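Next come the chains, spelled out residue by residue.
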Amino acid sequence: MKYELVVTNDGKPHLGVSVGTVYQNVQDIVYKIDRIELFNLVYVPRTEEFMFNKKIRLSQGLVDYYESLNLYSHSFIEHTHYASRKDVFQELESIGIMPASDVGSLVRSYQELAAQKERVKQKIIGSSHSLPGRQEKK
């Protein structure tokens, strides 16, 4: 787990846990922009908030490569090895970068892991009280 300090919606700094990298498809028909923007998803346990920031844990070259692709351009397919825009998104997902719209699945998996960790912790605490020879301090 990677921890980082983030400022939450309450304006206070809190310790957050980096959950993973996500991408968003940014489109603007007027300016003929169709590109990818990468973000780091952070969970703040104290406030139970999920936030996005730009502290991406990938090489800068990889971030620059994906964020510089203009998927709108008709020459996009001619100048890259991708057959379609969909291939770019599939490649991102194959290396573990999920769409920001699917953050719900990342959030649920993180919450399930946290709940599982708490159940194991409570089970250990409960079984330690029933160990033979253990005496309570008075």
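Residues numbered from 1 in each chain as written. Predicted model: local features only at pLDDT ≥ 70, side-chain atom pairs only at ≥ 80, totals over all residues. Heavy atoms only, no water.

Attention shifts here to the pattern of salt bridges. Scanning all chains against the criterion turns up five salt bridges. Among the salt bridges present, the one from Glu-37 reaches Lys-54, with a minimum N-O distance of 3.8 Å. On the criterion of sequence distance, the pair formed by Glu-37 in strand S3 (residues 33–44) and Lys-54 in the loop between strand S4 (49–53) and helix H1 (60–68) is long-range, its members being 17 residues apart. On the basis of relative accessibility, which here comes to 44%, the residue Lys-54 falls in the partly exposed class. Glu-67 is the partner of Lys-54 in a salt bridge, and the nearest nitrogen-oxygen pair spans 2.8 Å. Of this pair, Lys-54 sits in the loop between S4 and H1 while Glu-67 sits in helix H1; the two residues are 13 residues apart in sequence, bridging distant segments of the chain. By relative accessible area, which is 22% here, Glu-67 ends up partly exposed. (Salt bridge = Lys/Arg side-chain N within 4 Å of Asp/Glu carboxyl O. Helix = DSSP H or I, 4+ residues; strand = E, 2+ residues; numbered from the N terminus. Buried < 20%, exposed > 50% of the residue type's maximum accessible area, 1.4 Å probe, protein only.)

Relative to strand S2 (residues 13–28), strand S1 (residues 2–7) runs antiparallel, the two sharing six bridges. What sits directly across from Val-7, in S2, is Pro-13. Counting the residues between successive antiparallel strands, the hairpin from S1 to S2 contains five residues, one of them, Gly-11, with a positive phi of roughly 80°. Taken together, the eleven bridges between S2 and S3 define a ladder with antiparallel strand orientation. By the bridge assignment, Val-17 is partnered in S3 with Tyr-43. Where S2 folds back on S3, the antiparallel hairpin that results is connected by four residues, among which Lys-32 adopts a positive phi of roughly 55°. Pairing between S2 and strand S5 (residues 98–99): two bridges, direction parallel. Note on S5: the bridge partner recorded for Tyr-23 is Pro-99. (Pairing = 2+ DSSP bridges.)

This part takes up the nonpolar core. Counting 14 residues, the largest nonpolar core has Ile-36, Leu-38, Val-88 and Leu-92 as the members making the most contacts within it. Top element by residues in this core is helix H3 (residues 85–94). It accounts for three residues. Residues within four places of Leu-92 in sequence aside, it is in contact with Tyr-23, Ile-36, Leu-38, Tyr-66 and Ile-97. Judged by nonpolar contacts, the second largest core, of five residues, contains Val-22, Phe-39, Val-103 and Val-107. (Core = buried A, V, L, I, M, F, W, Y, C linked by side-chain atoms within 4.5 Å. Contact = heavy atoms within 4.5 Å.)

The subject of this paragraph is the side chain of Ser-18. Positionally, Ser-18 belongs in strand S2. Overall, the relative accessible area of 15% leaves Ser-18 in the buried class. In this structure the side chain of Ser-18 is engaged in a polar contact, spanning 2.8 Å, whose partner is the side chain of Asn-40. (Polar contact = N/O pair within 3.5 Å; in protein donor to acceptor, adjacent residues only side chain to side chain.)

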